[in-house]
Amino acid sequence: EVTPGADPPVCRIVDFGKFMYEQEKKKKEAKKGQSKAKSAVKELKLRPNTDVHDYNVRLKKCLQFLGKGNKVKITVVFAGRDMAYKDKGRELLARFQEDIGEENGHVDGRPNMQGRQMMMFINPGPKKEK
């Protein structure tokens, strides 16, 4: 049907195979515009004693991910004696949050500890006020 609301209704006679093929093409074209990467969570792992250069590499990568619209999970992994220095991990995550800045991304909740890992999520864009 071309215009089902008209009086009398207007219809067009088409080849059903061709019609199905065109519908399939429309579906594929609509899917192209959607990106699954937007909903992806990218993870960056750090250690409590991560050095300056390695830290800067992770920071740069995080800014790239946020620029593409991805959510970023920053994990500080503690091993052995590192567990005694959880405050170093918190300081590292706080510095990371500061270096990213409010205009690039905002922290989702606060850093939390799960086993031997301390995690923090960063969403792209500035924080939306409700």
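Note that the structure is predicted; figures quoted are calculated from it, not measured.

Turning our eyes to something else, we now look at the pairing of strand β3 (residues 105-114). In this structure, β3 lies alongside strand β4 (residues 117-124), joined through 7 bridges in antiparallel fashion. Across the sheet, residue Asp-108 finds its bridge partner in β4, namely Phe-121. The loop that links β3 with its antiparallel partner β4 comprises 2 residues; one of these, Gly-115, has a positive phi angle of about 65 degrees.

Let us look at the packing of aromatic side chains. Tallied over the entire structure, the rule returns 2 aromatic pairs. On the numbers, 6.3 Å between centres and 35 degrees between planes, the contact of Phe-16 with Phe-19 is tilted. With Phe-16 and Phe-19 both in helix α1 (residues 16-33) and 3 residues apart, this pair spans about one turn of that helix. The class for Phe-16 is exposed, based on a relative accessible area of 58%. Between Tyr-55 and Phe-96, the aromatic rings sit 5.5 Å apart at their centres with planes inclined by 85 degrees, giving edge-to-face as the arrangement. Note that Tyr-55 is positioned in helix α2 (residues 52-67) and Phe-96 in helix α3 (residues 86-100), a separation of 41 residues in sequence. We note that Tyr-55, like Phe-96, is buried. Positioned over the ring face of Tyr-55 is Arg-95, at 4.0 Å from the centre of the ring.

Our focus in this paragraph is the sheet that holds strand β1 (residues 41-46). Working definition: the strands of a sheet are paired by backbone hydrogen bonds and lie parallel or antiparallel to each other. The sheet built from 4 strands is open, its strands ordered β1-β2-β4-β3 with mixed pairing. Bordering the open sheet on either side are β1 and β3, each of which pairs with just one other strand. Looking at each pair of strands side by side, their axes are set apart by 20 degrees on average, direction ignored. Its contacts with the sheet put α2 on β1, β2 (71-77), β3 and β4, and the angle it makes with β1 is roughly 170 degrees.

The first and last C-alpha atoms of α3 sit 21 Å apart over 15 residues, in line with the 21 Å expected at 1.5 Å per residue. Tucked inside the fold, the buried residues of α3 contact β1, α2, β2, β3 and β4. Positive backbone phi, approximately 85 degrees, marks Gly-101, located one or two places after α3.

Attention shifts here to the pairing of β2. Within β2, 5 of the 7 residues are buried, which leaves the element mostly enclosed by the surrounding structure. The sheet contact formed by β1 and β2 spans 6 bridges and is parallel. Counterpart to Lys-45 in the pairing with β2 is Thr-75. The handedness of the β1 to β2 crossover, carried by α2, is right-handed. Across 6 bridges, the pairing between β2 and β4 is antiparallel. Residue pairing for β4: Val-77 is matched across the bridge by Gln-117.

Turning our attention to the confidence of the model for the protein. In low-pLDDT segments, the atomic positions of the prediction should not be examined closely. When pLDDT is averaged across the protein, the result is 84; 90% of the residues are at 70 or more. Of all the helices and strands in the protein, β3 carries the lowest mean pLDDT, 85, while β2 carries the highest, 91.

Conventions and cut-offs
- Residues numbered from 1 in each chain as written.
- Predicted model: local features only at pLDDT ≥ 70, side-chain atom pairs only at ≥ 80, totals over all residues.
- Heavy atoms only, no water.
- Pairing = 2+ DSSP bridges.
- Helix = DSSP H or I, 4+ residues; strand = E, 2+ residues; numbered from the N terminus.
- Phe/Tyr/Trp six-rings, centres within 6.5 Å; stacked < 30°, edge-to-face > 60°.
- Buried < 20%, exposed > 50% of the residue type's maximum accessible area, 1.4 Å probe, protein only.
- Lys NZ or Arg CZ within 6 Å of the ring centre and 35° of its normal.
- Axes fitted to C-alpha atoms, helices over the stretch in contact; angles between N-to-C directions.
- Contact = heavy atoms within 4.5 Å.
- Expected span 1.5 Å × (residues − 1).
- Right-handed = clockwise from strand over helix to strand, strands pointing away.
- pLDDT = per-residue confidence, 0-100.

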